[in-house]
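# Breakdown of the fold
Below are the chains, spelled out letter by letter.
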Amino acid sequence: MNKITAAITAVGSYVPDFVLSNQVLETLVDTNDEWITTRTGIKERRLLKEEGQGTSFMAIKAAQNLLEKANLDPKEIDLVIMATATPDMPVASTGVYVATQIGATNAFSYDLQAACSSFLFGMSTASAYIASGKYKKVLLIGADKMSSIIDYTDRATCIIFGDGAGAVLFEPNTEGLGLQDEILKSDGIGREFLKIEAGGSILPPSEETVKNKEHFVFQDGKTVFKYAVSGMADVSEKIMQRNNLSHDDINWLVAHQANRRIIDATANRMALDESKVLINIQKYGNTTSATLPLLLSDFENQLKKGDNIIFAAFGGGFTWGAIYLKWAYTK
Ligand SMILES: CC(C)(COP(=O)(O)OP(=O)(O)OC[C@H]1O[C@@H](n2cnc3c(N)ncnc32)[C@H](O)[C@@H]1OP(=O)(O)O)[C@@H](O)C(=O)NCCC(=O)NCCS
(Lines give C-alpha, C1' and ligand atoms only; values in the text may rest on other atoms or scores of the structure.)
Protein backbone atom coordinates (compact mmCIF):
# COMPACT_ATOMS: atom_id res chain seq x y z
CA MET A 1 0.00 0.00 0.00
CA ASN A 2 1.19 3.52 -0.80
CA LYS A 3 2.24 5.72 2.08
CA ILE A 4 -0.52 8.01 3.45
CA THR A 5 0.25 11.70 3.26
CA ALA A 6 -1.95 14.56 4.47
CA ALA A 7 -3.26 16.76 1.69
CA ILE A 8 -5.20 20.01 1.86
CA THR A 9 -8.42 19.37 -0.04
CA ALA A 10 -10.52 22.47 0.74
CA VAL A 11 -10.09 26.05 1.95
CA GLY A 12 -12.41 28.66 3.49
CA SER A 13 -12.06 32.11 5.02
CA TYR A 14 -13.74 35.06 6.64
CA VAL A 15 -12.70 38.64 7.35
CA PRO A 16 -14.87 41.24 9.08
CA ASP A 17 -16.34 44.09 6.99
CA PHE A 18 -14.92 46.95 9.07
CA VAL A 19 -11.76 48.42 7.48
CA LEU A 20 -9.19 50.32 9.55
CA SER A 21 -7.02 52.23 7.07
CA ASN A 22 -3.65 53.88 7.59
CA GLN A 23 -5.41 57.21 7.11
CA VAL A 24 -7.67 56.55 10.09
CA LEU A 25 -4.70 55.37 12.17
CA GLU A 26 -3.08 58.75 11.45
CA THR A 27 -5.91 60.31 13.48
CA LEU A 28 -5.42 57.90 16.41
CA VAL A 29 -1.62 57.87 16.91
CA ASP A 30 1.46 59.78 15.76
CA THR A 31 2.06 57.91 12.51
CA ASN A 32 1.51 58.30 8.78
CA ASP A 33 0.60 56.21 5.76
CA GLU A 34 4.04 56.57 4.19
CA TRP A 35 5.85 55.26 7.31
CA ILE A 36 3.50 52.31 7.75
CA THR A 37 3.60 51.39 4.05
CA THR A 38 7.37 51.51 3.66
CA ARG A 39 8.16 49.84 7.02
CA THR A 40 5.51 47.11 6.91
CA GLY A 41 3.68 46.97 3.55
CA ILE A 42 0.31 47.34 5.31
CA LYS A 43 -2.37 49.70 3.95
CA GLU A 44 -5.40 48.54 5.91
CA ARG A 45 -6.66 45.82 8.23
CA ARG A 46 -10.07 44.37 9.19
CA LEU A 47 -11.54 44.64 12.69
CA LEU A 48 -14.36 42.61 14.21
CA LYS A 49 -16.74 45.21 15.63
CA GLU A 50 -19.77 43.00 16.39
CA GLU A 51 -20.73 43.52 20.02
CA GLY A 52 -20.05 40.52 22.26
CA GLN A 53 -18.42 38.43 19.51
CA GLY A 54 -14.97 36.86 19.75
CA THR A 55 -12.62 34.73 17.69
CA SER A 56 -15.18 31.90 17.42
CA PHE A 57 -17.50 34.17 15.42
CA MET A 58 -14.93 34.45 12.62
CA ALA A 59 -13.76 30.83 12.94
CA ILE A 60 -17.33 29.56 12.50
CA LYS A 61 -17.82 31.71 9.40
CA ALA A 62 -14.53 30.52 7.85
CA ALA A 63 -15.41 26.88 8.57
CA GLN A 64 -18.92 27.33 7.14
CA ASN A 65 -17.41 28.90 4.03
CA LEU A 66 -15.22 25.80 3.60
CA LEU A 67 -18.10 23.37 4.23
CA GLU A 68 -20.24 25.14 1.65
CA LYS A 69 -17.50 25.28 -0.99
CA ALA A 70 -16.54 21.63 -0.46
CA ASN A 71 -20.17 20.52 -0.12
CA LEU A 72 -19.09 18.62 2.98
CA ASP A 73 -21.35 17.21 5.71
CA PRO A 74 -19.80 18.46 8.99
CA LYS A 75 -20.70 15.13 10.63
CA GLU A 76 -17.91 13.55 8.56
CA ILE A 77 -15.22 15.62 10.31
CA ASP A 78 -13.18 13.63 12.84
CA LEU A 79 -11.21 16.43 14.46
CA VAL A 80 -11.28 20.25 14.62
CA ILE A 81 -8.00 21.91 15.58
CA MET A 82 -8.39 25.57 16.48
CA ALA A 83 -5.17 27.54 16.06
CA THR A 84 -5.50 30.83 17.94
CA ALA A 85 -3.68 33.20 20.25
CA THR A 86 -6.93 34.98 21.18
CA PRO A 87 -9.38 32.32 22.39
CA ASP A 88 -12.91 33.42 23.29
CA MET A 89 -12.14 32.69 26.96
CA PRO A 90 -8.97 31.69 28.81
CA VAL A 91 -10.29 28.26 29.78
CA ALA A 92 -13.21 26.83 27.76
CA SER A 93 -11.64 25.74 24.48
CA THR A 94 -12.77 27.88 21.53
CA GLY A 95 -12.42 24.99 19.08
CA VAL A 96 -14.91 22.88 21.03
CA TYR A 97 -17.55 25.59 20.75
CA VAL A 98 -16.77 26.14 17.06
CA ALA A 99 -17.00 22.41 16.27
CA THR A 100 -20.42 22.21 17.92
CA GLN A 101 -21.70 25.36 16.20
CA ILE A 102 -20.75 24.14 12.72
CA GLY A 103 -22.40 20.76 13.34
CA ALA A 104 -19.19 18.71 13.57
CA THR A 105 -20.89 16.55 16.16
CA ASN A 106 -18.70 13.49 15.58
CA ALA A 107 -15.45 15.42 15.98
CA PHE A 108 -13.33 16.09 19.02
CA SER A 109 -11.59 19.45 19.24
CA TYR A 110 -9.02 21.53 21.06
CA ASP A 111 -7.04 24.77 20.77
CA LEU A 112 -3.40 25.06 19.74
CA GLN A 113 -1.39 28.14 20.68
CA ALA A 114 2.01 29.04 19.27
CA ALA A 115 1.43 32.77 18.61
CA CYS A 116 1.94 33.63 14.92
CA SER A 117 3.15 30.07 14.22
CA SER A 118 -0.08 28.51 15.53
CA PHE A 119 -1.41 27.63 12.09
CA LEU A 120 1.92 26.30 10.80
CA PHE A 121 2.33 24.08 13.88
CA GLY A 122 -1.34 23.09 13.46
CA MET A 123 -0.56 21.91 9.92
CA SER A 124 2.03 19.57 11.37
CA THR A 125 -0.39 18.30 14.03
CA ALA A 126 -3.27 17.81 11.58
CA SER A 127 -0.98 15.97 9.17
CA ALA A 128 0.27 13.61 11.85
CA TYR A 129 -3.30 12.60 12.73
CA ILE A 130 -4.04 11.92 9.05
CA ALA A 131 -0.77 10.07 8.42
CA SER A 132 -1.55 7.80 11.41
CA GLY A 133 -4.36 6.35 9.28
CA LYS A 134 -6.80 6.74 12.15
CA TYR A 135 -8.48 9.99 11.09
CA LYS A 136 -9.86 10.82 7.65
CA LYS A 137 -10.99 14.44 7.88
CA VAL A 138 -9.21 17.00 10.04
CA LEU A 139 -10.37 20.61 9.96
CA LEU A 140 -7.67 23.11 10.89
CA ILE A 141 -8.89 26.64 11.60
CA GLY A 142 -6.65 29.67 12.19
CA ALA A 143 -8.45 32.68 13.64
CA ASP A 144 -7.55 35.66 15.76
CA LYS A 145 -9.32 38.75 17.04
CA MET A 146 -6.12 40.72 17.54
CA SER A 147 -8.12 43.93 18.07
CA SER A 148 -9.16 42.50 21.46
CA ILE A 149 -5.57 42.65 22.74
CA ILE A 150 -4.23 45.73 20.96
CA ASP A 151 -3.83 49.16 22.53
CA TYR A 152 -4.97 51.65 19.88
CA THR A 153 -2.87 54.37 21.51
CA ASP A 154 0.37 52.35 21.02
CA ARG A 155 1.77 53.08 17.56
CA ALA A 156 4.34 50.30 17.89
CA THR A 157 1.62 47.62 17.69
CA CYS A 158 -1.71 49.08 16.51
CA ILE A 159 -0.48 49.64 12.96
CA ILE A 160 0.44 45.99 12.51
CA PHE A 161 -2.39 43.71 13.59
CA GLY A 162 -5.84 42.87 12.22
CA ASP A 163 -8.63 40.32 12.66
CA GLY A 164 -9.51 37.38 10.41
CA ALA A 165 -10.00 33.64 10.02
CA GLY A 166 -9.18 30.85 7.60
CA ALA A 167 -9.76 27.11 7.51
CA VAL A 168 -8.34 24.13 5.63
CA LEU A 169 -9.39 20.49 5.44
CA PHE A 170 -6.74 17.76 5.60
CA GLU A 171 -7.48 14.36 4.08
CA PRO A 172 -5.39 11.25 3.35
CA ASN A 173 -3.64 11.07 -0.02
CA THR A 174 -1.87 8.11 -1.60
CA GLU A 175 -0.58 9.89 -4.74
CA GLY A 176 2.30 11.50 -2.87
CA LEU A 177 0.59 14.90 -2.57
CA GLY A 178 0.24 16.91 0.64
CA LEU A 179 2.74 17.51 3.42
CA GLN A 180 6.24 16.32 2.50
CA ASP A 181 8.55 17.72 5.17
CA GLU A 182 8.68 20.14 8.09
CA ILE A 183 11.17 22.01 10.24
CA LEU A 184 9.61 23.38 13.41
CA LYS A 185 11.52 25.40 16.01
CA SER A 186 11.04 27.28 19.27
CA ASP A 187 13.20 29.28 21.68
CA GLY A 188 12.01 30.65 25.02
CA ILE A 189 14.39 33.57 24.74
CA GLY A 190 11.59 35.27 22.79
CA ARG A 191 9.13 35.58 25.63
CA GLU A 192 10.49 38.96 26.76
CA PHE A 193 10.19 40.59 23.35
CA LEU A 194 6.59 39.82 22.38
CA LYS A 195 4.06 39.16 25.10
CA ILE A 196 0.99 40.07 27.10
CA GLU A 197 2.34 40.56 30.59
CA ALA A 198 -0.83 40.10 32.64
CA GLY A 199 -3.92 37.92 32.73
CA GLY A 200 -2.04 34.64 33.00
CA SER A 201 -0.96 32.62 36.02
CA ILE A 202 2.10 34.77 36.77
CA LEU A 203 0.26 38.07 36.93
CA PRO A 204 -3.49 37.55 37.24
CA PRO A 205 -5.81 40.43 36.32
CA SER A 206 -6.13 43.22 38.87
CA GLU A 207 -7.05 46.90 38.93
CA GLU A 208 -3.33 47.58 38.75
CA THR A 209 -2.72 45.46 35.63
CA VAL A 210 -5.61 47.14 33.84
CA LYS A 211 -4.36 50.61 34.84
CA ASN A 212 -0.86 49.70 33.60
CA LYS A 213 -2.27 48.45 30.27
CA GLU A 214 -0.64 45.06 30.86
CA HIS A 215 -3.42 43.16 29.10
CA PHE A 216 -2.34 44.50 25.71
CA VAL A 217 0.36 43.14 23.40
CA PHE A 218 3.83 44.47 24.11
CA GLN A 219 6.37 44.13 21.32
CA ASP A 220 10.02 45.09 20.99
CA GLY A 221 9.62 45.34 17.23
CA LYS A 222 13.29 45.77 16.34
CA THR A 223 14.38 42.63 18.18
CA VAL A 224 11.46 40.55 16.90
CA PHE A 225 12.21 41.75 13.38
CA LYS A 226 15.84 40.64 13.66
CA TYR A 227 14.97 37.14 14.89
CA ALA A 228 12.09 36.80 12.40
CA VAL A 229 14.25 37.62 9.38
CA SER A 230 16.99 35.14 10.24
CA GLY A 231 14.64 32.47 11.65
CA MET A 232 12.22 32.32 8.74
CA ALA A 233 14.90 32.58 6.07
CA ASP A 234 17.07 29.88 7.72
CA VAL A 235 14.37 27.22 7.91
CA SER A 236 13.05 28.02 4.43
CA GLU A 237 16.51 27.61 2.91
CA LYS A 238 17.15 24.45 4.93
CA ILE A 239 13.93 22.74 3.90
CA MET A 240 14.75 23.46 0.24
CA GLN A 241 18.24 21.99 0.58
CA ARG A 242 16.99 18.95 2.48
CA ASN A 243 14.48 18.16 -0.29
CA ASN A 244 16.83 18.99 -3.16
CA LEU A 245 14.58 21.85 -4.28
CA SER A 246 15.99 24.71 -6.30
CA HIS A 247 14.15 28.01 -6.64
CA ASP A 248 12.87 26.78 -10.03
CA ASP A 249 11.19 23.79 -8.37
CA ILE A 250 9.16 25.96 -6.02
CA ASN A 251 5.86 27.35 -7.24
CA TRP A 252 4.81 29.41 -4.22
CA LEU A 253 6.02 30.83 -0.94
CA VAL A 254 3.17 31.09 1.55
CA ALA A 255 4.74 33.07 4.38
CA HIS A 256 3.31 34.55 7.56
CA GLN A 257 2.26 38.13 6.85
CA ALA A 258 3.85 40.13 9.67
CA ASN A 259 5.98 42.56 7.73
CA ARG A 260 6.58 42.80 3.99
CA ARG A 261 10.31 43.24 4.59
CA ILE A 262 10.52 39.94 6.53
CA ILE A 263 8.76 38.11 3.68
CA ASP A 264 11.04 39.73 1.07
CA ALA A 265 14.14 38.74 3.05
CA THR A 266 12.95 35.12 3.15
CA ALA A 267 12.16 35.11 -0.58
CA ASN A 268 15.60 36.61 -1.33
CA ARG A 269 17.38 33.91 0.64
CA MET A 270 15.41 31.31 -1.35
CA ALA A 271 16.31 33.16 -4.58
CA LEU A 272 12.61 33.16 -5.42
CA ASP A 273 11.09 35.35 -8.07
CA GLU A 274 8.66 37.94 -6.66
CA SER A 275 5.83 36.45 -8.74
CA LYS A 276 5.97 33.27 -6.62
CA VAL A 277 5.52 35.07 -3.30
CA LEU A 278 1.91 35.27 -2.14
CA ILE A 279 1.17 38.61 -0.47
CA ASN A 280 -2.01 40.04 1.03
CA ILE A 281 -0.53 41.91 4.00
CA GLN A 282 -1.59 45.22 2.43
CA LYS A 283 -5.26 44.27 2.94
CA TYR A 284 -5.28 42.55 6.34
CA GLY A 285 -2.07 43.33 8.27
CA ASN A 286 -0.90 40.62 10.63
CA THR A 287 -3.87 38.41 11.52
CA THR A 288 -1.61 36.03 13.54
CA SER A 289 -3.08 32.50 13.15
CA ALA A 290 -5.11 33.46 10.07
CA THR A 291 -2.42 34.73 7.68
CA LEU A 292 -1.53 31.40 6.03
CA PRO A 293 -5.09 30.15 5.37
CA LEU A 294 -6.15 33.65 4.23
CA LEU A 295 -3.38 33.51 1.62
CA LEU A 296 -4.54 30.08 0.46
CA SER A 297 -8.09 31.34 0.24
CA ASP A 298 -7.22 34.55 -1.64
CA PHE A 299 -4.96 32.75 -4.14
CA GLU A 300 -6.76 29.36 -4.30
CA ASN A 301 -7.64 29.82 -7.98
CA GLN A 302 -3.96 30.13 -8.95
CA LEU A 303 -2.79 26.98 -7.16
CA LYS A 304 -2.44 23.87 -9.30
CA LYS A 305 -2.36 20.17 -8.45
CA GLY A 306 1.25 19.14 -7.83
CA ASP A 307 2.52 22.68 -7.10
CA ASN A 308 5.41 22.77 -4.65
CA ILE A 309 4.64 25.18 -1.82
CA ILE A 310 6.87 26.31 1.01
CA PHE A 311 4.99 27.57 4.06
CA ALA A 312 6.98 29.65 6.57
CA ALA A 313 6.10 31.45 9.78
CA PHE A 314 7.63 33.21 12.75
CA GLY A 315 5.88 34.14 15.98
CA GLY A 316 6.10 35.10 19.64
CA GLY A 317 7.69 32.71 22.05
CA PHE A 318 9.72 32.51 19.83
CA THR A 319 8.20 29.91 17.50
CA TRP A 320 8.98 29.41 13.83
CA GLY A 321 9.27 26.90 11.05
CA ALA A 322 8.81 25.87 7.45
CA ILE A 323 6.67 23.21 5.79
CA TYR A 324 7.04 21.76 2.30
CA LEU A 325 3.68 20.71 0.83
CA LYS A 326 2.52 19.53 -2.59
CA TRP A 327 -0.83 21.09 -3.49
CA ALA A 328 -3.51 18.49 -4.17
CA TYR A 329 -6.12 20.03 -6.48
CA THR A 330 -6.77 22.50 -9.28
CA LYS A 331 -9.89 24.66 -8.97
C1 LIG B 1 7.35 47.13 14.31
C2 LIG B 1 8.19 47.46 13.09
C3 LIG B 1 7.30 47.66 11.88
C4 LIG B 1 8.96 48.74 13.35
O5 LIG B 1 9.80 49.01 12.26
P6 LIG B 1 11.32 49.42 12.49
O7 LIG B 1 11.88 49.71 11.17
O8 LIG B 1 11.95 48.33 13.30
O9 LIG B 1 11.17 50.74 13.30
P10 LIG B 1 11.82 51.12 14.70
O11 LIG B 1 11.10 50.46 15.81
O12 LIG B 1 13.30 50.94 14.60
O13 LIG B 1 11.51 52.65 14.70
C14 LIG B 1 12.10 53.55 13.78
C15 LIG B 1 11.60 54.95 14.09
O16 LIG B 1 10.20 55.04 13.74
C17 LIG B 1 9.45 55.42 14.88
N18 LIG B 1 8.17 54.72 14.84
C19 LIG B 1 7.82 53.56 15.45
N20 LIG B 1 6.56 53.24 15.16
C21 LIG B 1 6.09 54.21 14.35
C22 LIG B 1 4.87 54.44 13.72
N23 LIG B 1 3.83 53.59 13.83
N24 LIG B 1 4.73 55.53 12.94
C25 LIG B 1 5.74 56.40 12.79
N26 LIG B 1 6.93 56.24 13.38
C27 LIG B 1 7.12 55.16 14.16
C28 LIG B 1 10.28 55.01 16.07
O29 LIG B 1 9.95 55.79 17.20
C30 LIG B 1 11.67 55.28 15.58
O31 LIG B 1 11.93 56.67 15.67
P32 LIG B 1 13.41 57.18 16.10
O33 LIG B 1 14.32 56.65 15.01
O34 LIG B 1 13.25 58.65 16.10
O35 LIG B 1 13.66 56.57 17.42
C36 LIG B 1 9.20 46.33 12.81
O37 LIG B 1 10.19 46.33 13.80
C38 LIG B 1 8.60 44.97 12.75
O39 LIG B 1 7.87 44.66 11.83
N40 LIG B 1 8.95 44.07 13.70
C41 LIG B 1 8.55 42.71 13.68
C42 LIG B 1 7.09 42.60 13.81
C43 LIG B 1 6.64 41.22 13.77
O44 LIG B 1 7.00 40.48 12.92
N45 LIG B 1 5.79 40.90 14.74
C46 LIG B 1 5.06 39.73 14.81
C47 LIG B 1 5.92 38.58 14.90
S48 LIG B 1 4.90 37.33 14.45
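Each remark here, short or long, concerns the structure printed above.
Our subject in this report is the structure included herewith. Please read all numbers here as calculations on a predicted model, not as lab measurements. (Residues numbered from 1 in each chain as written. Predicted model: local features only at pLDDT ≥ 70, side-chain atom pairs only at ≥ 80, totals over all residues. Heavy atoms only, no water.)

### Observations concerning the overall build of the protein
- A tally of regular secondary structure across the protein gives 11 helices and 13 strands.
- Whereas a compact globule of 331 residues would reach a radius of gyration of roughly 20 Å, the protein reaches 19 Å, a difference of no more than 12%.
- Across its three principal axes, the protein shows a C-alpha extent of roughly 60 × 45 × 35 Å.
- Evaluated residue by residue, the protein yields a buried proportion of 55% over its 331 residues.
- Sequence separation of at least 24 residues holds for 76% of the intrachain contacts in the protein that already meet a minimum separation of 6.
- Only carbon and sulfur atoms are counted for the fraction: they give 50% of the accessible area of the protein, which is about 14,300 Å².
- Counting 32 positive and 39 negative side-chain charges, the protein places the averaged centre of each group 3 Å from the other. (Helix = DSSP H or I, 4+ residues; strand = E, 2+ residues; numbered from the N terminus. Rg over C-alpha atoms; globule rule 2.2 N^0.38 Å. Buried < 20%, exposed > 50% of the residue type's maximum accessible area, 1.4 Å probe, protein only. Contact = heavy atoms within 4.5 Å. Areas by Shrake-Rupley, 256 points an atom, 1.4 Å probe, with all protein chains shown as cover. Lys, Arg positive; Asp, Glu negative; His and termini not counted. Charge placed at Lys NZ, Arg CZ, Asp CG, Glu CD.)

### Digging into the nonpolar core
- Counting 41 residues, the largest nonpolar core has Ile-250, Leu-253, Met-270, Leu-272, Val-277, Ile-310 and Phe-314 as its most contacted members.
- Counting residues per element, the ones that place at least two in this core are helix H8 (221-242), strand S11 (252-255), helix H9 (260-269), strand S12 (308-315) and strand S13 (319-326).
- Sort the elements by how many residues they give to this core and H8 lands first, with 6 residues.
- Setting aside residues up to four positions removed in sequence, Leu-253 forms contacts with Ile-263, Thr-266, Ala-267, Met-270, Leu-272, Lys-276, Val-277, Leu-278, Ile-310 and Ala-312.
- In this structure, Ala-6, Leu-79, Ala-126 and Leu-140 belong to the second largest nonpolar core, which totals 35 residues. (Core = buried A, V, L, I, M, F, W, Y, C linked by side-chain atoms within 4.5 Å.)

### Concerning the side chain of Thr-319
- Within the secondary structure, Thr-319 is located in strand S13.
- Residue classification places Thr-319 among the buried residues on the basis of a relative accessible area of 9%.
- Within the structure, Thr-319 has its side chain in polar contact with the backbone oxygen of Gly-316 (distance 3.2 Å).
- Excluding its chain neighbours within four sequence positions, the residues that come into contact with Thr-319 are Ala-114, Ser-117, Phe-121, Lys-185, Ser-186, Ala-313 and Phe-314. (Polar contact = N/O pair within 3.5 Å; in protein donor to acceptor, adjacent residues only side chain to side chain.)

### Description of the site of the ligand
- In the vicinity of the ligand lie 23 residues, with Thr-31, Arg-39, Gln-219, Lys-222 and Asn-259 positioned nearest.
- Between the ligand and Gln-219 there is a distance of 2.7 Å, counted from a nitrogen atom to a side-chain nitrogen or oxygen.
- For the ligand, whose free accessible area comes to 950 Å², the fraction covered by protein is 74%.
- Those elements giving two or more residues to the shell around the ligand turn out to be helix H2 (33-40), H8, H9 and S12.
- With 4 residues, the single largest contributor to the shell around the ligand is H8.
- A breakdown of the residues in the shell around the ligand according to their chemical character gives 10 nonpolar, 8 polar and 5 charged. (Near = heavy atom within 4 Å. Nonpolar A, V, L, I, M, F, W, Y, C, P; charged D, E, K, R; others polar.)

### What about helix H4 (residues 94-101)?
- Every buried residue of H4 is accounted for by Thr-94, Gly-95, Val-98 and Ala-99. Along the axis of H4, the buried residues cluster in a sector spanning 130°; they form a single face.
- Its buried side turned inward, H4 meets helix H3 (55-70), strand S4 (79-83), strand S5 (108-112) and strand S6 (138-145).
- Phi for Gly-103, located one or two positions after H4, is positive at around 85°. (Arc of directions from axis to C-beta.)

Any functional reading would require information that these geometric values do not contain.
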